[in-house]
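Here are the chains, one letter per residue:
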Amino acid sequence: MTSLTEIHIATNERYGAHNYSPLPVVLEEGSGSWVKDVEGRWYLDMLAAYSALNFGHRHPTLVDALQRQLGRLTLTSRAFHNDQLGAFCEELAALVGMDRVLPMNTGAEAVETAIKAARKWGYEAKGVGADRAEIIVCEGNFHGRTTSLVSFSSDATARDGFGPFTPGFVSIPYGDPAALESTINESTVAFLFEPIQGERGVVIPPDGYLQAVREICTRHEVLLLADEIQSGLGRTGTTLACDHEGVLPDVLMLGKALGGGLLPVSAVVGRADVMGVFGPGTHGSTFGGNPLACAVARAVIGLLAEGDVQARALGGEARLVQALENLRCAAITDIRCKGLWAGLDIHPDAGGARAICEDLAGHGVLTKETQVNTLRLAPPLVTSDEDLDWAMGQLDAVIPDA
């Protein structure tokens, strides 16, 4: 397989013929679903959620925001205010309908921050005994790779060799409100979950699950912490995956797409009383809220505020589902899709998802496997119908018949 250690981003170029089949359209500025390697081979990016590119490569609005800020202040000490930070916080809070924003850099950093906030809120507001706070999590989760976050992972690859682990977490089956209800006790301060489990293979909970866990958490005075680092910001056809059931979490974690594919940006957004537990000196981030990151993130928020990105993902779902259903065979044991985000379970006898990813790369399509036998598809939300159809044709060419 061609090495992709260097990827050249292309805009305003005609990409011509691929080694395996002709590519159908001209890449226009702002529709950057394509990348090419150092040998000039072109690839349609279908792993954009994984690499944070909901808006395509080098979206002109985002590049312009980055370039304009590069001519001004880029990084600054936390001791100084910058003119992008306040506007970023106000605009992000308004976009998701929440009170306060704490900017970070990576998804793992955002989740760690949410855990700290929940524990401190539990002690100060709920009256949980010192050092007894518990947070309920879900089996099959992926929240990051810090020591605390892998402490409650059910993935042996993420855990093995990294103990001893951080206490204070209890794991329950995903998609099971009754399990949440029965696990809550006087020391429970929060329920941390993903509205859709991305790393597990785009696992979608049963209808009504989000509303059910919201009601349970409210009734038991337990914080609902929603990790939307992969599922949020337009990917599933709404601004947040929680929006599909009209659920507002108490604390929300965002990242990946918030940086527009240009640089790392994450944020914790939440209720004023929860976020207010952080006083001067109790928490911080060296680069969190830096003006360069805030400028790009504000441009991302501006695109989301228009609603076109979410509408594109929502409108593309039916087309993607139909195309995948047309490919059903003995090698595909399950198909899950929400917006422009899909997981295909591959029968173990078909050689595993990794082999299919490598075959697809040879056909000019970049994808990502997970959990050994699941193939994930996540095109940039600006990907055209024609490009989606072309990608499905390449998938058809590499999926084994049995």
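All of these numbers come straight from a predicted model, not from anything done at the bench.

Thresholds, definitions, all that
- Residues numbered from 1 in each chain as written.
- Predicted model: local features only at pLDDT ≥ 70, side-chain atom pairs only at ≥ 80, totals over all residues.
- Heavy atoms only, no water.
- Salt bridge = Lys/Arg side-chain N within 4 Å of Asp/Glu carboxyl O.
- Helix = DSSP H or I, 4+ residues; strand = E, 2+ residues; numbered from the N terminus.
- Buried < 20%, exposed > 50% of the residue type's maximum accessible area, 1.4 Å probe, protein only.
- Pairing = 2+ DSSP bridges.
- Axes fitted to C-alpha atoms, helices over the stretch in contact; angles between N-to-C directions.
- Contact = heavy atoms within 4.5 Å.
- Polar contact = N/O pair within 3.5 Å; in protein donor to acceptor, adjacent residues only side chain to side chain.
- Arc of directions from axis to C-beta.
- pLDDT = per-residue confidence, 0-100.
- Parallel < 35°, antiparallel > 145°, perpendicular 65-115°, else oblique.
- Left-handed = near helix turned anticlockwise from the far one by under 90°.
- Nonpolar A, V, L, I, M, F, W, Y, C, P; charged D, E, K, R; others polar.
- Core = buried A, V, L, I, M, F, W, Y, C linked by side-chain atoms within 4.5 Å.
- Disulfide = S-S within 2.5 Å.

Engineer: Sorry if this is basic, but what is going on with the pattern of salt bridges here?
Structural biologist: Close approach of charged atoms allows side chains of opposite charge to pair. This model, assessed by the stated rule, comprises 21 salt bridges. Residue arginine 298 is joined to glutamate 91 by a salt bridge in which the shortest nitrogen-to-oxygen separation is 2.9 Å. Of this pair, arginine 298 sits in helix 9 (residues 291–306) while glutamate 91 sits in helix 2 (residues 85–96), and the two are 207 residues apart along the sequence. You can call arginine 298 partly exposed: its relative accessible area is 27%. According to the relative accessible area criterion, glutamate 91 is partly exposed, its value standing at 27%. The residue arginine 132 makes a salt bridge to glutamate 186 at a minimum N-O spacing of 3.9 Å.

Engineer: It is not clear to me how the pairing of strand 7 (residues 188–193) should be interpreted in this structure. Could you clarify?
Structural biologist: A regular strand places its side chains on the two faces of the sheet in alternate fashion. Counting buried positions over the 6 residues of strand 7 gives 6, a clear majority of the element. Summarising the sheet, strand 5 (residues 134–138) and strand 7 pair through 3 bridges and their orientation is parallel. Bridge pairing in strand 7 places isoleucine 135 opposite alanine 190. With 4 bridges joining them, strand 7 and strand 8 (residues 223–227) adopt parallel strand pairing. In the strand pairing of strand 8, leucine 192 is matched with leucine 225.

Engineer: Would you mind showing me how to read the sheet that holds strand 15 (residues 374–377) here?
Structural biologist: Read across the open sheet, the 4 strands follow the order 11-12-15-14; overall the sheet is antiparallel. Edge positions in the open sheet fall to strand 11 (332–337) and strand 14 (368–370), since each of these has one partner strand only. This sheet shows a mean twist of 25° between the axes of neighbouring strands, independent of strand direction. Those strands touched by helix 11 (residues 353–362) are strand 12 (342–346), strand 14 and strand 15, and its axis lies near 40° from that of strand 15.

Engineer: Before we go on, may I ask you to explain the side chain of serine 153 in this structure?
Structural biologist: With respect to the helices and strands, serine 153 occurs in the loop between helix 4 (147–151) and helix 5 (156–159). Using a relative accessible area of 11% as the deciding quantity, one classes serine 153 as buried. A distance of 3.0 Å separates a polar side-chain atom of serine 153 from the backbone nitrogen of aspartate 155. Leaving out residues up to four positions away in the same chain, serine 153 has contacts with Asn141, Ala158 and Arg159.

Engineer: Teacher, can you tell me more about unusual backbone geometry here?
Structural biologist: Peptide bonds are trans in most cases, and residues, glycine excluded, mostly fall at negative phi. Omega for the bond connecting glycine 163 with proline 164 falls within 30 degrees of zero, at 5°, which places this linkage in the cis form. Tracing the chain through its elements places proline 164 in the loop between helix 5 and strand 6 (169–172). We note that aspartate 131 has phi near 60°; this positive angle belongs to a residue other than glycine. Residue placement: aspartate 131 occurs in the loop between helix 3 (107–126) and strand 5. Its identity is not glycine, yet glutamine 371 carries a phi of approximately 50°, on the positive side. Counting through the fold element by element, glutamine 371 comes out in the loop between strand 14 and strand 15. Classification of glutamine 371 as partly exposed rests on a relative accessible area of 44%.

Engineer: For this particular structure, what's the right way to read helix 1 (residues 60–70)?
Structural biologist: Residues spaced three or four apart along an α-helix point in a common direction, a consequence of the helix completing one turn every 3.6 residues. Inspection of helix 1 places Leu62, Val63, Ala65, Leu66 and Gln69 among the buried residues, and these make up the whole buried set. Angularly, the buried residues of helix 1 cover 160° about the axis, an arc narrow enough to put them on a single face. In this structure, the buried residues of helix 1 make contact with helix 9.

Engineer: Would you take a moment to explain the confidence of the model for the chain for this structure?
Structural biologist: For any part of a model where pLDDT is low, the fine detail of the predicted coordinates should not be relied upon. Residue-level pLDDT values for the chain average 90, and 91% of them are 70 or greater. Put simply, strand 1 (residues 7–9) is where the chain has its lowest mean pLDDT, 37, and strand 8 is where it has its highest, 99. Counted against residues more than four places away or in other chains, residues 1–31, with its pLDDT under 50, gives 70 contacts.

Engineer: Honestly, the packing of helix 10 (residues 308–326) against helix 12 (residues 385–398) in this entry has me stumped. Any pointers?
Structural biologist: Relative orientation of the contacting elements helix 10 and helix 12 amounts to 25°, with a least axis distance of 11 Å. Compared by their axis directions, helix 10 and helix 12 come out roughly parallel. For the pair helix 10 and helix 12, the crossing hand works out as right-handed. On helix 12, the residues touching Arg312, Arg319, Leu320, Ala323 and Leu324 of helix 10 are Asp385, Leu388, Asp389, Met392 and Leu395. Split into classes, the residues belonging to the contact of helix 10 with helix 12 amount to 6 nonpolar, no polar and 4 charged.

Engineer: How do you make sense of the nonpolar core when you look at a structure like this?
Structural biologist: Soluble globular proteins tend to pack their nonpolar side chains together in the buried interior. Phe88, Phe191, Leu344 and Leu395 are the most contacted members of the largest nonpolar core, which totals 85 residues. Among the elements that line this core, the one with the most residues is helix 9, at 10 residues. With residues near it in sequence (within four places) discarded, leucine 395 still touches Leu324, Leu327, Leu344, Ile356, Leu360, Leu375 and Leu377. Listed in part, the 28 residues of the second largest apolar core include Ala114, Val128, Leu223 and Val277.

Engineer: Even after reading the chapter, I still don't get the state of the cysteines, so can you show me in this structure?
Structural biologist: Formally, a disulfide is one covalent bond, and it connects the sulfur atom of one cysteine to the sulfur atom of another. Using the criterion set out here, one finds 0 disulfides in the structure. Free cysteine cysteine 337: the closest other cysteine sulfur is in cysteine 357, separated by 17 Å. Under the relative-accessibility criterion, cysteine 337 is labelled buried at 12%. Take cysteine 357: it sits in no disulfide, and the sulfur closest to it among the cysteines is that of cysteine 329, at 15 Å.

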